[in-house]
Amino acid sequence: MNASFPRLICFIALTFIAVPAISQSLPFKTLLKTTYDKDFPLVYPEQKDLLKEAVILDTREREEYSVSHLESAQWVGYETFSMESVSEISKEETIVVYCSIGARSQEIGKKLKAAGYQHVYNLYGGIFHWVNEDNPVFTPDTIQTDRVHTYNKMWGMWLNKGEKVY
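Computed from a prediction, not measured in an experiment: that's the story for all the values here.

**Let's talk about the nonpolar core**
One broad trend across soluble globular proteins is that nonpolar side chains are buried collectively.
Inference 1: Judged by nonpolar contacts, the single largest core of 24 residues is most densely connected at Ile56, Leu70, Leu123 and Ile127.
Inference 2: Put simply, the parts of the chain that give this core at least two residues each are helix 2 (26–35), strand 4 (94–98) and helix 6 (126–132).
Inference 3: Among the elements that line this core, the one with the most residues is helix 6, at four residues.
Inference 4: Once you skip the residues sitting within four places of it in the chain, Leu70 turns out to touch Ile56, Tyr98, Leu123, Ile127, Trp130 and Phe138.

**Remarks on the pairing of strand 5 (residues 119–123)**
Inference 1: Bridge analysis of strand 1 (residues 42–43) against strand 5 gives two bridges, and the strand direction is parallel. In the sheet register, Leu42 faces strand 5, and the bridge partner there is Asn122.
Inference 2: Two strands pair when backbone bridges link them, and strand 4 and strand 5 are joined in this way by four bridges, in the parallel orientation. Bridging from a neighbouring strand, Val97 pairs with Asn122 of strand 5.

**Observations concerning the packing of aromatic side chains**
Any pair of aromatic rings gets described here by the distance separating the centres and the angle formed by the planes.
Inference 1: Taken as a whole and judged by the stated rule, the model has three aromatic pairs.
Inference 2: The rings of Tyr36, Tyr44 and Tyr124 are connected pair by pair, giving a single aromatic cluster.
Inference 3: Over the ring of Trp75 we find Arg62, and its NZ or CZ is 3.9 Å from the ring centre.
Inference 4: Cation over ring: Lys91 sits above Tyr117, and NZ or CZ is 5.6 Å from the ring centre.

**Let's talk about the pattern of salt bridges**
Inference 1: According to the stated counting rule, one finds six salt bridges in the structure shown.
Inference 2: Measuring nitrogen to oxygen at the nearest pair gives 2.8 Å for the salt bridge that ties Arg60 to Asp58.
Inference 3: Note that Glu64 is salt-bridged to Arg104, the shortest N-O span being 2.9 Å. Within this pair, whereas Glu64 is found in helix 4 (residues 62–67), its partner Arg104 is found in helix 5 (residues 103–114), the two being separated by 40 residues in sequence.
Inference 4: If you follow the salt bridges from partner to partner, you end up with Asp37, Glu107 and Lys110 in one network.

About the thresholds
- Residues numbered from 1 in each chain as written.
- Predicted model: local features only at pLDDT ≥ 70, side-chain atom pairs only at ≥ 80, totals over all residues.
- Heavy atoms only, no water.
- Core = buried A, V, L, I, M, F, W, Y, C linked by side-chain atoms within 4.5 Å.
- Buried < 20%, exposed > 50% of the residue type's maximum accessible area, 1.4 Å probe, protein only.
- Helix = DSSP H or I, 4+ residues; strand = E, 2+ residues; numbered from the N terminus.
- Contact = heavy atoms within 4.5 Å.
- Pairing = 2+ DSSP bridges.
- Phe/Tyr/Trp six-rings, centres within 6.5 Å; stacked < 30°, edge-to-face > 60°.
- Lys NZ or Arg CZ within 6 Å of the ring centre and 35° of its normal.
- Salt bridge = Lys/Arg side-chain N within 4 Å of Asp/Glu carboxyl O.

Interpretation note: all reported values are geometric properties and have no functional meaning in isolation.
Okay, here's the thing in structure tokens:
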């Protein structure tokens, strides 16, 4: 075993324990860095102008979307995603895809790009980072809420603000 391996494990454990509950902890940044393809474009929550113009697609499952989603987001799902669900969106439109942290949405984004959609972005950090940065989410009835479906309890550790729903 590499001599530095135990130190790495200790560092990771201490980081999870010692890092205060901030929206962008080192472990979360590391997770995102290893999740995203370097060549797939990201959009950040503070890029409000781009987000305001874009078609927002929620690539989580229906149950997650039903708890809360970004304002004006259209549900397209992940397991059940089909190109038919986006057939009315022009291939020249700016599209932002998102999920919990950005892994599922990146995969859907790749499918959109392969189908000829030209301006597709993945929302950095997904809905977790969005909420951690104090941005609003809404119920299907367009009522602002603090509730966020965290996929499961393990993934819920990345949501520092809002009410976790499993």
